[in-house]
Amino acid sequence: MRQKELRLITTFHTTADALACERACKEQGFSGRIIPVPRQLSAGCGLAWSCEPGKEEEFAEFLKEHGVEFDEMATILF
Amino acid sequence: MGEMRRVYLDNAATTMQKPPCVVEAVTAALTSFGNSGRDTGGHALDASRVIYDARCLISDLFNLGNPKQVVFTCNSTEALNMAIRGLFHRGDHVISSVMEHNAVLRPLYDIEEDQGVSHTFIGVDEKGRLLVSEIEKNIRPETKALIFTHASNVTGNANDLHAIGKIAKKHGLLFIVDASQTAGVLPIDMQDMNIDIVAFTGHKGLYGPQGTGGMAIREGIDIHPLKSGGTGVLSYLKHQPEEMPTHLECGTMNAHGLAGLHASLNWLVKEVGIDQVHAHEIALAKRFYEGLKDMEAIRFYGDYDTDQRAAIVSLNIADYDSSEVSDQLESDYGISTRPGAHCAPLIHEAMGTVNQGMVRFAFSWFNTEEDVDYAVKAVRELATDI
Ligand SMILES: Cc1ncc(COP(=O)(O)O)c(C=O)c1O
């Protein structure tokens, strides 16, 4: 198994929210990708967004601005 | 660097690759079908004929003996909801199992709350096999039905429908089977196995399009309709007509999807044969299991000593999160699998994998030995380097 890295992981209640997040990030040129929800976080819809750690508050703000509802946000090793 | 190989091993979720005849049938239907059952124009009749022929093929597949008792829905979840919500009354009791998918569990929890219908879930042994001997002990005077999946979508273990059907017959109980993982894979004979209702989904082992499914219902069983609406016939009746299959079908049918299911059923039964398909899939699953079983870091779930099972191999690597393993298989090797809970919470509780989940590999007719060997190599690499 590869080395784990610190990532900012965001989970969602629905798949639609996760895909709305992906679309908003792509449009802004933010890097990141969809991953299955890590077990430390509640399972939610099964999809999570993984991106560079740090700037958690800004990212939450960015999602809110784009009308994307999310469940949890956490910086964990994945 | 060349393009990464892509191997799809999430066939228990849906068979991604469909036979070319299915693609052709749907494409042709999209430019030729009118609204089935609504008029007698040639285009509408074309749709009606294909749907009727699909009923005949399903009736034959499960040895139901009456195509009018085949109802089409958009998937097995809808069929199971119709059956579970439309058959029982306050005070009734049903017996089911911890192997069930949420398509059975959630309607059962709902009718417990809304209709006062109680349930008992039969457990499994350490390999995830149903404790069949527990069924009879849990039958009460108010027990009305046995509701069991044919095979677990998590462990792949299949239940002995003959044995359960005998118990149902002896005690005069309805026997409802969730064949989501086994329709088109393992033989199901409703008459021989005393089954009253088989719920199936079109997009897994039947190799049809998503949005198709249904149930085969033994004659004389009255399911109260979940929905009512246009049927194209008996338009002046205030309620849904009593005649089957109209009793349980309303609104415009998914004729385009059913054209695909019709083609896949013909392909499956008349061209390749379901025994052939199962033999191929199970050989691949075995090859995968055999290729990994010596690895100490890998833990398998399910009973791999029999071929009477779905072509599913679920495992974990040491105590790694199944999501991490599945993600690495996808991103580093292009292998699609399914981690987590697989919509079947009770079997994960029984197997002790609520926290870790499992990584599920599921094989189809369109997978090859090369796919398996590639996946074995990938998992071996991940399980060595820990
Ligand atoms: C055992 C079992 N039951 C029910 C279902 C539900 O199937 P569908 O999503 O096609 O309704 C599935 C598939 O996910 C399953 O594996």
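Because the structure is predicted, anything quoted here is derived from the model rather than measured. (Residues numbered from 1 in each chain as written. Chains lettered and ligands numbered in written order. Predicted model: local features only at pLDDT ≥ 70, side-chain atom pairs only at ≥ 80, totals over all residues. Heavy atoms only, no water.)

**Student:** Describe in detail the overall build of chain B, supporting the description with residues and values.
**Tutor:** A count of helices and strands for chain B gives 11 helices and 12 strands. For 386 residues, the compact-globule formula gives about 21 Å, and the C-alpha radius of gyration of chain B, at 21 Å, lands near that figure. By principal-axis analysis of the C-alpha atoms, chain B measures approximately 70 × 55 × 35 Å. Per-residue burial over chain B gives 58% buried out of 386 residues. Accessible surface, chain B: about 16,100 Å² in total, of which carbon and sulfur atoms supply 50%. When the 32 basic and 51 acidic side-chain charges of chain B are each reduced to a single mean position, those positions are 4 Å apart. (Helix = DSSP H or I, 4+ residues; strand = E, 2+ residues; numbered from the N terminus. Rg over C-alpha atoms; globule rule 2.2 N^0.38 Å. Buried < 20%, exposed > 50% of the residue type's maximum accessible area, 1.4 Å probe, protein only. Areas by Shrake-Rupley, 256 points an atom, 1.4 Å probe, with all protein chains shown as cover. Lys, Arg positive; Asp, Glu negative; His and termini not counted. Charge placed at Lys NZ, Arg CZ, Asp CG, Glu CD.)

**Student:** Tell me what's going on with the nonpolar core, and back it up with residues and numbers.
**Tutor:** All names here are of chain B. Formed by 60 residues in total, the largest nonpolar core has its most connected members in Phe62, Phe72, Leu146, Phe148, Phe175, Ile195 and Leu206. The biggest single contributor to this core is helix H7 (residues 255-272), with eight residues. There are two domains that each give this core at least three residues, and those are domain 1 (20-272) and domain 2 (273-384). Ignoring sequence-local partners within four residues, the contact set of Leu206 consists of Ile58, Leu61, Ala183, Gly184, Phe200, Thr201, Leu261, Ser264, Leu265 and Leu268. (Core = buried A, V, L, I, M, F, W, Y, C linked by side-chain atoms within 4.5 Å. Domains from an automatic or database assignment. Contact = heavy atoms within 4.5 Å.)

**Student:** Explain the site of the ligand residue by residue, including any values.
**Tutor:** All names here are of chain B. Residues in contact with the ligand amount to 13 residues; listed here are only the nearest, Thr77, Asp178, Thr201, His203 and Lys204. Gln181 has a polar side-chain atom sitting 2.8 Å from an oxygen atom of the ligand. At 2.8 Å, a side-chain N or O of Lys204 approaches an oxygen atom of the ligand. Protein contact buries 88% of the 390 Å² of open area that the ligand shows by itself. The residue inventory of the shell around the ligand, partitioned by class, reads one nonpolar, 10 polar and two charged. (Near = heavy atom within 4 Å. Polar contact = N/O pair within 3.5 Å; in protein donor to acceptor, adjacent residues only side chain to side chain. Nonpolar A, V, L, I, M, F, W, Y, C, P; charged D, E, K, R; others polar.)

**Student:** Describe the packing of helix H2 (residues 42-61) of chain B against H7 of chain B, listing the residues and the values that go with them.
**Tutor:** For any two helices packed against each other, one specifies the crossing angle of their axes together with the interaxial distance. Residues and elements named next belong to chain B. Direction vectors running N to C along H2 and H7 enclose 40 degrees, while the axes themselves pass 9 Å from each other. The pairing of H2 with H7 is recorded here as oblique in orientation. Seen along the crossing, H2 lies across H7 with a hand that is left-handed. Across from Ala47, Val50, Ile51, Asp53, Ala54, Leu57, Ile58 and Leu61 in H2, the residues of H7 making contact are Ala255, Leu258, Ala259, His262, Leu265, Asn266, Val269 and Lys270. Class assignment for the residues of the contact of H2 with H7 results in 12 nonpolar, two polar and two charged. (Axes fitted to C-alpha atoms, helices over the stretch in contact; angles between N-to-C directions. Parallel < 35°, antiparallel > 145°, perpendicular 65-115°, else oblique. Left-handed = near helix turned anticlockwise from the far one by under 90°.)

**Student:** Please set out the domain arrangement of chain B residue by residue, giving values where relevant.
**Tutor:** Residues and elements named next belong to chain B. Taken domain by domain, chain B consists of domain 1 (20-272) and domain 2 (273-384). Taking the mean C-alpha position of each, domain 1 and domain 2 sit 27 Å from one another. On the side of domain 2, 30 residues touch domain 1, which itself brings 33 residues to the contact. A buried area of about 2,600 Å², summed over both sides, lies between domain 1 and domain 2, and 63% of it is on carbon and sulfur atoms. Among the residues of domain 1 in contact with domain 2, Val154, Tyr207 and Val272 are the three that bury the most area, contributing 23% of the side total. (Buried area = accessible area lost by both parts, 1.4 Å probe.)

**Student:** Explain the sheet that holds strand E10 (residues 312-317) of chain B to me, and be specific about the residues and the numbers.
**Tutor:** Residues and elements named next belong to chain B. Across the sheet, three strands lie side by side as E9-E10-E12; this open sheet has antiparallel pairing. Strand pairing shows two members of the sheet lacking a second neighbour, strand E9 (298-301) and strand E12 (359-362), which therefore form its edges. In this sheet, adjacent strand axes meet at a mean angle of 30 degrees when their direction is disregarded. Bridging between E10 and E12 involves four bridges; their strand directions are antiparallel. Directly across from Val313, in E12, lies its bridge partner Phe361. Running at roughly 25 degrees to E10, helix H8 (residues 274-292) makes contact with E9, E10 and E12 of the sheet. Where helix H9 (residues 322-333) meets the sheet, its contacts fall on E10 and E12, and the angle it forms with E12 comes to roughly 45 degrees. (Pairing = 2+ DSSP bridges.)

**Student:** Before we move on, could you go through the interface of chain A and chain B and cite the residues and values that matter?
**Tutor:** The interface is formed by 11 residues belonging to chain A together with 16 residues belonging to chain B. Buried surface at the junction of chain A and chain B, summed over both partners, amounts to about 1,300 Å²; 47% is from carbon and sulfur atoms. Counting the surface chain A buries against chain B, the share from its top three residues, Met1, Arg2 and Arg39 of chain A, is 66%. On the surface where chain A and chain B come into contact, there are four salt bridges. (Salt bridge = Lys/Arg side-chain N within 4 Å of Asp/Glu carboxyl O.)

**Student:** Outline the pairing of strand E3 (residues 93-97) of chain B, listing residues and values.
**Tutor:** Residues and elements named next belong to chain B. With five of five residues buried, E3 lies mostly within the body of the structure. With burial as the criterion, each face of E3 is covered, one bearing His93, Ile95 and Ser97 and the other bearing Val94 and Ser96. In this structure, E3 lies alongside strand E4 (residues 118-122), joined through five bridges in parallel fashion. Across the sheet, residue Ile95 finds its bridge partner in E4, namely Thr120. For the handedness criterion, the β-α-β arrangement of E3, helix H4 (residues 102-115) and E4 is classed as right-handed. For E3 and strand E5 (residues 143-149), the ladder comprises three bridges, and the chain directions are parallel. If you follow Val94 over to E5, its bridge partner there is Ala145. (Right-handed = clockwise from strand over helix to strand, strands pointing away.)

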